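One letter stands for each residue in the lines below.
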Amino acid sequence: MTAHAITSLDQLAALYPNPVVPASIHKEINHVDANYAALIAASPFFVLATNGPDGLDCSPRGDQPGFVTVRDAKTLLIPDRRGNNRLDSLKNILFDPRIGMLFMIPGYGETLRVNGVASLSGDPGLCGRFAMAGKLPACVIVVTVESAYFQCSRAVVRAELWNAERHVDRSSVPSAGTILRDITARDAAVETFDGAAYDRALPERVRATLY
């Protein structure tokens, strides 16, 4: 494996001799225009990438379409909805404000990539703009956009991501309770975890703690 390791830009370029498609360059801009704003407004889900003292993190974020607000061409506002309180992404932003975002729209092949720098705001007036089910986010992530561009649909098409016939039978993969049970079983200092009880309670707990 070491003999075939790619360790230089020249080696990498040799494997990809074709020139960059011009459209791949033209699609990248340093702000959110009307078209990209429409994609963000239609998206109920994105993945947030951050970097911190303990390494990289990639966090799913989801809500009703339009939950990410385009305040202006250079600014996005993201309510931080209730989660597991690990706060990995938020801690990372305090350490390194650079972030990456990948927006997805069910049924739409292209994804939208947005890179920028983020800050956290606990301003009551700002948080008040994002009330859901009578509850406010603890803070709002304010993103200054540095680049935005759509990603072509090849990955989504190859994965058949929106093909309902390809949806996995949940019984064919480990449940959350099974994963927790097996991990804790390896640690003699941890009390045996009731994975079945966790799985039974999980759907209602998720519904009750969405916001």
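These numbers were taken from a predicted model, which means no experiment stands behind them.

J.: Sorry if this is basic, but what is going on with the overall build of the chain here?
T.: Scanning the chain from terminus to terminus reveals eight helices and seven strands. If you line up the chain on its principal axes, its C-alpha atoms span 55 × 55 × 40 Å. Every one of the 211 residues in the chain was classed for burial, and the buried ones make up 27%. A fraction of 63% describes how many contacts in the chain between residues 6 or more apart in sequence connect residues 24 or more apart. As displayed, the chain offers around 13800 Å² of accessible surface, 58% of which is attributable to carbon and sulfur atoms. Each charge class in the chain can be summarised by its mean position, and for the 21 positive and 22 negative side chains these summaries are 2 Å apart.

J.: Got a minute to help me understand unusual backbone geometry in this structure?
T.: Apart from glycine, the bulk of residues carry a negative phi angle, and the bulk of peptide bonds sit in the trans form. Of note in this structure, Asn-85 is not a glycine but carries a positive phi near 65°. Structurally, Asn-85 is set in the loop between strand 4 (75-79) and helix 4 (88-95). One non-glycine residue with positive phi stands out, namely Glu-160, at about 50°. When you line up the elements, Glu-160 lands in the loop between helix 6 (154-159) and helix 7 (176-185).

J.: Teacher, can you tell me more about the side chain of Asp-57 here?
T.: Assignment of secondary structure puts Asp-57 in strand 2 (residues 55-62). No salt bridge is formed by the buried Asp-57; its nearest oppositely charged neighbour, Arg-86, is found at 6.0 Å. A distance of 3.2 Å separates a polar atom in the side chain of Asp-57 from a polar atom in the side chain of Ser-89. The contacts of Asp-57, once residues within four sequence positions are left out, are Leu-48, Ala-49, Thr-50, Asp-88, Ser-89 and Asn-92.

J.: Where do I start with the environment of Leu-48 in this structure?
T.: Checked against the element boundaries, Leu-48 lands in strand 1 (residues 45-52). Separated by 28 residues in the primary sequence, Leu-48 and Leu-76 have C-alpha atoms spaced 13 Å apart. Once residues lying within four places of it in the same chain are set aside, the contact partners of Leu-48 are Asp-57, Cys-58, Ser-59, Arg-61, Ser-89, Ile-99, Gly-100, Met-101 and Ile-141.

J.: Quick question: what am I supposed to make of helix 3 (residues 34-42) here?
T.: For an α-helix, the turn length of 3.6 residues means that residues three or four places apart are oriented alike. Within helix 3, the full set of buried residues consists of Tyr-36, Leu-39 and Ile-40. One side of helix 3 carries all its buried residues, which in axial view fall inside an arc of 100°. Exposed side of helix 3, more than 90 degrees from the buried face: Ala-34 and Asn-35 are the residues found there. If you follow the buried residues of helix 3, they end up packed against strand 3 (69-72), strand 4, strand 5 (98-104), strand 6 (111-121) and strand 7 (140-151). Capping the start of helix 3 is the job of one residue whose side-chain oxygen sits 3.2 Å from the backbone nitrogen of Asn-35: Asp-33.

J.: Quick question: what am I supposed to make of the pairing of strand 4 here?
T.: Residues in a regular strand point their side chains to alternate faces of the sheet. When you tally the buried positions in strand 4, you get five out of five residues, the bulk of the element. Taking every second residue as pointing to the same face, both faces of strand 4 are buried, with Thr-75, Leu-77 and Pro-79 on one and Leu-76 and Ile-78 on the other. Count of turn residues in the strand 3/strand 4 antiparallel hairpin: two residues. As judged from the five bridges shared by strand 4 and strand 7, these two strands associate in the antiparallel manner. Across the sheet, Ile-78 pairs through a bridge with Ile-141, a residue of strand 7.

J.: It is not clear to me how the state of the cysteines should be interpreted in this structure. Could you clarify?
T.: Linking two cysteines covalently via their sulfur atoms produces the bond known as a disulfide. Considering all chains together, one arrives at zero disulfides under this definition. In this structure Cys-58 is a free cysteine whose sulfur lies 18 Å from that of Cys-139, the closest cysteine sulfur available. Of all cysteine sulfurs in the structure, the one in Cys-127 sits closest to Cys-139, which takes part in no disulfide; the separation is 6.7 Å.

J.: Is there a simple way to think about the sheet that holds strand 7 in this case?
T.: Pairing between the strands of a sheet comes from backbone hydrogen bonds, and it takes one of two forms, parallel or antiparallel. Overall, antiparallel pairing links the seven strands, which are arranged 2-1-5-6-7-4-3 in an open sheet. With partners counted over all chains shown, the strands left at the sheet margins are strand 2 and strand 3, one partner each. Adjacent strand axes in the sheet meet at a mean angle of 35°, parallel and antiparallel pairs treated alike. Two strands pair when backbone bridges link them, and strand 5 and strand 6 are joined in this way by six bridges, in the antiparallel orientation. Within the sheet, the bridge partner assigned to Arg-98 lies in strand 6 and is Val-117. Sitting on the sheet, helix 4 is in contact with strand 1, strand 2, strand 5, strand 6 and strand 7, with an inclination near 50° to strand 1.

Cut-offs applied
Residues numbered from 1 in each chain as written. Predicted model: local features only at pLDDT ≥ 70, side-chain atom pairs only at ≥ 80, totals over all residues. Heavy atoms only, no water. Helix = DSSP H or I, 4+ residues; strand = E, 2+ residues; numbered from the N terminus. Buried < 20%, exposed > 50% of the residue type's maximum accessible area, 1.4 Å probe, protein only. Contact = heavy atoms within 4.5 Å. Areas by Shrake-Rupley, 256 points an atom, 1.4 Å probe, with all protein chains shown as cover. Lys, Arg positive; Asp, Glu negative; His and termini not counted. Charge placed at Lys NZ, Arg CZ, Asp CG, Glu CD. Salt bridge = Lys/Arg side-chain N within 4 Å of Asp/Glu carboxyl O. Polar contact = N/O pair within 3.5 Å; in protein donor to acceptor, adjacent residues only side chain to side chain. Arc of directions from axis to C-beta. Pairing = 2+ DSSP bridges. Disulfide = S-S within 2.5 Å. Axes fitted to C-alpha atoms, helices over the stretch in contact; angles between N-to-C directions.

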